[in-house]
Amino acid sequence: MHDILRVTDLSAEELTAALRLAARCKRSPRLGQGVLAGRALALVFQKPSVRTRVSFEVAAVQMGGTAIYLGPEDIQLNHREPVQDVARTLSRYVDGIIVRTFGHEDAEAFARWASVPVINGLSALHHPCQAVADLLTIHERFGRLRGLTVGYVGDGNNVLHSLMEACGMLGVHLRVATPARYRPDRALWADGLVRAKRHGATLIWYDDSRDAVRGAQVLYTDVWASMGQEHERAVRLKAFRSFQINAGLLKLAARTAIVLHCLPAHRGEEITADVVEGPRSVVFDQAENRLHAQKALLMMVLGEKR
Ligand code: CP
Ligand code: NVA
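Treat the numbers as computed from the prediction; the structure is a model and nothing was measured. (Residues numbered from 1 in each chain as written. Chains lettered and ligands numbered in written order. Predicted model: local features only at pLDDT ≥ 70, side-chain atom pairs only at ≥ 80, totals over all residues. Heavy atoms only, no water.)

Caption draft 1: Molecular detail of the overall build of the protein. What the protein contains, in helices and strands, is 13 helices and 9 strands. Compactness check: the protein gives a C-alpha radius of gyration of 19 Å against a globular reference of 19 Å for 306 residues, within 12% of the reference. Counting every position in the protein, which comprises 306 residues, the buried fraction comes to 57%. In the protein, the proportion of contacts linking residues at least 24 apart, taken out of those at least 6 apart, comes to 76%. A total accessible area of about 13,000 Å² is found for the protein, and carbon and sulfur atoms account for 52% of it. (Helix = DSSP H or I, 4+ residues; strand = E, 2+ residues; numbered from the N terminus. Rg over C-alpha atoms; globule rule 2.2 N^0.38 Å. Buried < 20%, exposed > 50% of the residue type's maximum accessible area, 1.4 Å probe, protein only. Contact = heavy atoms within 4.5 Å. Areas by Shrake-Rupley, 256 points an atom, 1.4 Å probe, with all protein chains shown as cover.)

Caption draft 2: Examining the nonpolar core more closely. Judged by nonpolar contacts, the single largest core of 62 residues is most densely connected at Val150, Leu174 and Leu298. When residues in this core are grouped by element, the largest group, 8 residues, is from helix α13 (residues 283-302). The contacts of valine 150, once residues within four sequence positions are left out, are Ile138, Leu163, Cys167, Val172, His173, Leu174, Arg175, Ala216, Val218 and Tyr220. Counting 23 residues, the second-largest nonpolar core is a separate cluster that includes Tyr182, Ala216, Trp224 and Ile271. (Core = buried A, V, L, I, M, F, W, Y, C linked by side-chain atoms within 4.5 Å.)

Caption draft 3: Seen up close, the sheet that holds strand β9 (residues 258-261). Overall, parallel pairing links the 5 strands, which are arranged β7-β6-β5-β8-β9 in an open sheet. Single-partner strands in this sheet number two, and they are β7 (203-206) and β9. Across this sheet, the average inter-strand angle for adjacent strands is 20 degrees, counted without regard to direction. Alignment of strand β8 (residues 218-221) against β9, held across 4 bridges, turns out to be parallel. For tyrosine 220, the partnering residue across the bridge sits in β9 and is leucine 260. Packing of helix α6 (residues 128-142) onto the sheet brings it into contact with β5 (149-153), β8 and β9, and relative to β9 it is tilted by some 165 degrees. (Pairing = 2+ DSSP bridges. Axes fitted to C-alpha atoms, helices over the stretch in contact; angles between N-to-C directions.)

Caption draft 4: Examining the site of ligand 1 more closely. Close to ligand 1 lie Ser49, Val50, Arg51, Thr52, Arg100, His127, Gln130, Cys262, Leu263 and Arg290, which account for all nearby residues. Within the side chain of serine 49, a nitrogen or oxygen atom sits 2.6 Å from an oxygen atom of ligand 1. The side chain of glutamine 130 places a nitrogen or oxygen atom 3.0 Å from a nitrogen atom of ligand 1. Taking 250 Å² as the accessible area of ligand 1 by itself, protein coverage stands at 96%. Partitioning the shell around ligand 1 into residue classes produces 3 nonpolar, 4 polar and 3 charged. (Near = heavy atom within 4 Å. Polar contact = N/O pair within 3.5 Å; in protein donor to acceptor, adjacent residues only side chain to side chain. Nonpolar A, V, L, I, M, F, W, Y, C, P; charged D, E, K, R; others polar.)

Caption draft 5: Seen up close, the packing of aromatic side chains. For the coordinates displayed, the defined rule picks out 5 aromatic pairs. Here phenylalanine 45 and tyrosine 69 contribute two aromatic rings whose centre-to-centre distance is 5.7 Å and whose plane-to-plane angle is 70 degrees, an arrangement assigned as edge-to-face. Taken together, the positions of phenylalanine 45 in strand β1 (residues 40-45) and tyrosine 69 in strand β2 (residues 66-70) put the pair 24 residues apart, joining distant regions of the chain. Among the residues examined, phenylalanine 45 registers a relative accessible area of 1% and is labelled buried. A relative accessible area of 24% means that tyrosine 69 is categorised as partly exposed. Three or more aromatic residues link up through ring pairs in this structure, and these residues are Tyr182, Trp224, Phe240 and Phe243. Geometry around tyrosine 69 places arginine 53 over its ring, the cationic atom sitting 3.6 Å from the centre. Here the basic side chain of arginine 183 rests over the ring of tryptophan 205, its NZ or CZ set 3.8 Å away from the ring centre. (Phe/Tyr/Trp six-rings, centres within 6.5 Å; stacked < 30°, edge-to-face > 60°. Lys NZ or Arg CZ within 6 Å of the ring centre and 35° of its normal.)

Caption draft 6: Expanded view of the site of ligand 2. Around ligand 2 lies a shell formed by Leu122, Asn157, Asn158, Val159, Asp222, Val223, Ser226, Met227 and Leu263. Taking asparagine 157, its side chain carries an N or O atom lying 3.3 Å from a nitrogen atom of ligand 2. Between ligand 2 and methionine 227, the relevant distance is 2.8 Å, taken from an oxygen atom to a main-chain nitrogen or oxygen of the residue. Out of a free accessible area of 270 Å², ligand 2 has 95% covered by protein chains. Of the residues assigned to the shell around ligand 2, the class counts are 5 nonpolar, 3 polar and 1 charged.

Caption draft 7: Looking closely at the pattern of salt bridges. For the structure on display, the rule yields 14 salt bridges. Here aspartate 285 makes a salt bridge to arginine 141, at a shortest N to O gap of 2.9 Å. One end of the pair, aspartate 285, is in helix α13; the other, arginine 141, is in helix α6, with 144 residues separating them in the sequence. Via salt bridges that share partners, Arg6, Glu165, Asp191 and Arg195 belong to a single interconnected network. (Salt bridge = Lys/Arg side-chain N within 4 Å of Asp/Glu carboxyl O.)

Caption draft 8: Up close: the packing of helix α4 (residues 83-91) against helix α5 (residues 104-113). One can describe the packing of α4 onto α5 by two numbers: an axis separation of 8 Å at closest approach and a directional angle of 45 degrees. The angle between α4 and α5 places the two elements in the oblique class. Pair α4 / α5 crosses with right-handed handedness. Touching Val83, Gln84, Val86, Ala87 and Arg88 of α4 are Asp106, Ala109, Phe110 and Trp113, all from α5. (Parallel < 35°, antiparallel > 145°, perpendicular 65-115°, else oblique. Left-handed = near helix turned anticlockwise from the far one by under 90°.)

What follows is the structure in structure tokens.
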């Protein structure tokens, strides 16, 4: 039994194994067939989703099982029913639970109360499945990870936190540019510095986007206002104006640089349309890789137990 609430719930060896297995899943879509035979996953989502929901549902089908989607209206978490009751009830029916919550503490509560594995499909603090797909995408382009440099431009959010943990664990240098007010979580950053150092990587914050992307092999951005922050949108639009990936910024990166975005993308905000649609963008490979990465994680978490 193994919950995956954040990337560091995997060891560096497990993360490497997940990436290898995900690459094999991509080459051989039938791999993992039968792992979920006669078994079910519950997807407990408090926020909208295209990629996470559909890739988990398709993964379940390809692995011989089924996935039951429970949206915000179905569960009404903490209103109709507390997490501890939902987690214990679902554990009597299903073999694994994927959660998408607002507070990360709700994802943790799920893990505490469920008796089946819980995988975080995005919380306010972490998006581990995304980070596994991100590294898979980088690896398939460059054939390696260690020593590469990723330049992240934008908000110090869940996607960045997970990317930071994954890069640190596998020796990938990460340069982050955010407005001073929107830096990553202080405790996670402090952790990240220690982890990066231990694995021979660097983690550096800048207040100028250009410093983060100069010479980088990978550029990454995410929305300026995450789900649940819609009311801050006007303030954020102003604060983040110079934290956009556009053609000018891309010119500063390595000649062979690729551009990642977890999607959904807001064209004209954190990234321009020409860059999303341009030759350096691999955002749809990255989206596809969510499926392969999650199949690998499901095999690792649910593969043994029958
Ligand atoms: N990148 C991602 O998690 O997309 P969804 O919100 O559509 O699942
Ligand atoms: N940071 C974004 C990611 C969406 C996949 C959010 O939390 O809304």
